[in-house]
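Given next are the chains, with one letter for each unit.
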Amino acid sequence: MRETRAALRLAGLELFATEGFDAVTAEEIAEKAGVSRRTFFRYFRSKEEVLYFGEHRFFTQFSTIFLGLPSSVPDVDAVCATFAALSAHTARGRDALVLARRAVDSSAVLRGREQDRVRGDLEMVGRAIADRHRLAEPDERCRLLAALSMTTYRFALQRWLSAPPPGDFAQVIVEEFSLMSEITHRDGSRPG
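Residues numbered from 1 in each chain as written. Predicted model: local features only at pLDDT ≥ 70, side-chain atom pairs only at ≥ 80, totals over all residues. Heavy atoms only, no water.

Participant: Explain unusual backbone geometry to me, using residue names and the numbers behind them.
Facilitator: Across the junction of proline 165 and proline 166, the peptide omega takes the value 0°, indicating a cis bond. Counting through the fold element by element, proline 166 comes out in the loop between helix H9 (140-162) and helix H10 (169-184). One non-glycine residue, arginine 134, lies in positive phi territory at about 55°. Relative to the helices and strands, arginine 134 is located in the loop between helix H8 (108-132) and H9. Its relative accessible area of 77% is what places arginine 134 among the exposed residues. (Helix = DSSP H or I, 4+ residues; strand = E, 2+ residues; numbered from the N terminus. Buried < 20%, exposed > 50% of the residue type's maximum accessible area, 1.4 Å probe, protein only.)

Participant: Before we move on, could you go through the packing of helix H1 (residues 2-19) against helix H7 (residues 94-105) and cite the residues and values that matter?
Facilitator: Across the interface, H1 lies against H7 with an axial gap of 8 Å and an inter-helix angle of 45°. Relative to H7, the element H1 lies oblique. In the crossing of H1 with H7, the sense of the turn from one axis to the other is left-handed. In contact with Arg9, Leu10, Leu13, Glu14, Phe16 and Ala17 of H1, H7 contributes Ala96, Leu99, Ala100, Arg102 and Ala103. Classifying every residue of the contact of H1 with H7 gives 8 nonpolar, no polar and 3 charged. (Axes fitted to C-alpha atoms, helices over the stretch in contact; angles between N-to-C directions. Parallel < 35°, antiparallel > 145°, perpendicular 65-115°, else oblique. Left-handed = near helix turned anticlockwise from the far one by under 90°. Contact = heavy atoms within 4.5 Å. Nonpolar A, V, L, I, M, F, W, Y, C, P; charged D, E, K, R; others polar.)

Participant: Go over H8, please, and point to the residues and values.
Facilitator: Look at H8: 37 Å from first C-alpha to last across 25 residues, which is about the 36 Å you get at 1.5 Å a residue. Of the residues making up H8, those classed as buried are Leu110, Glu114, Asp121, Val125, Gly126, Ala128, Ile129, Ala130 and Arg132. (Expected span 1.5 Å × (residues − 1).)

Participant: For the packing of helix H6 (residues 75-92) against H9, give the residues involved together with the corresponding values.
Facilitator: Axis separation between H6 and H9 bottoms out at 11 Å; the angle between their running directions is 35°. Every pair of crossing elements has a handedness; the one defined by H6 and H9 is right-handed. Contacts between H6 and H9 involve Asp75, Val76, Val79, Phe83, Thr90 and Ala91 from the former and Arg141, Leu145, Ser149, Met150, Tyr153, Leu157 and Trp160 from the latter. Grouping the constituent residues of the contact of H6 with H9 by class yields 9 nonpolar, 2 polar and 2 charged.

Participant: Could you give an account of the packing of aromatic side chains, with specific residues and numbers?
Facilitator: Enumeration over the complete set of coordinates arrives at 14 aromatic pairs. Between the aromatic rings of phenylalanine 44 and phenylalanine 53, the centroid separation amounts to 5.8 Å while the plane-to-plane angle is 85°, which identifies the pairing as edge-to-face. For phenylalanine 53, a relative accessible area of 34% puts it in the partly exposed group. On the numbers, 6.2 Å between centres and 35° between planes, the contact of phenylalanine 83 with phenylalanine 177 is tilted. Highlighted residues: phenylalanine 83 in helix H6 and phenylalanine 177 in helix H10, separated in sequence by 94 residues. Given the relative accessible area of 2%, phenylalanine 177 is considered buried. Here the aromatic cluster, defined as three or more aromatic residues joined through ring pairs, consists of Phe58, Phe59, Phe62, Phe66, Phe83, Tyr153, Trp160, Phe169 and Phe177. We note lysine 47 situated over the ring of phenylalanine 21; from NZ or CZ to the ring centre the distance is 4.4 Å. Positioned above the aromatic ring of tryptophan 160, the side-chain terminus of arginine 94 is 4.7 Å from the ring centre. (Phe/Tyr/Trp six-rings, centres within 6.5 Å; stacked < 30°, edge-to-face > 60°. Lys NZ or Arg CZ within 6 Å of the ring centre and 35° of its normal.)

Structure follows, in structure tokens:
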């Protein structure tokens, strides 16, 4: 069962990266994976789900780890530590991430949907920050910290994916968060 899902996902990502997301059908993914169209739909509701499989679990794990850290750890440090703790899982999927990035870049529709996904990710991180402070809803501070943190994480991810493999993703995350903290704690002087 797990092997079939993995084969379908790999087939989809490879096809998306080489043919472009919009040009690929669920039937082609199933054929490349050596299964029927019906089997494809047992594992995935759509070809878009192939692309984003596992993202929700990532943010569920984010919340669990983040909320498990001591309240004495400053929020920015806790977010950084959480992303660094999740980096080993992300690193195992490096090849899939590279293919997924190519797929998104191949489709104007996906690039637009990516913005919706980013908003959803921001909401989940903002919600975790609010939960850490026992707030009923994320306030402006929670939303801003979520936005800064997600942007910093995405910079780290892009830097890591652009470097020769394997690279230490956790170290890249720590470096990017350190840079973000340095920039935000300056006394008004120009960056650089």
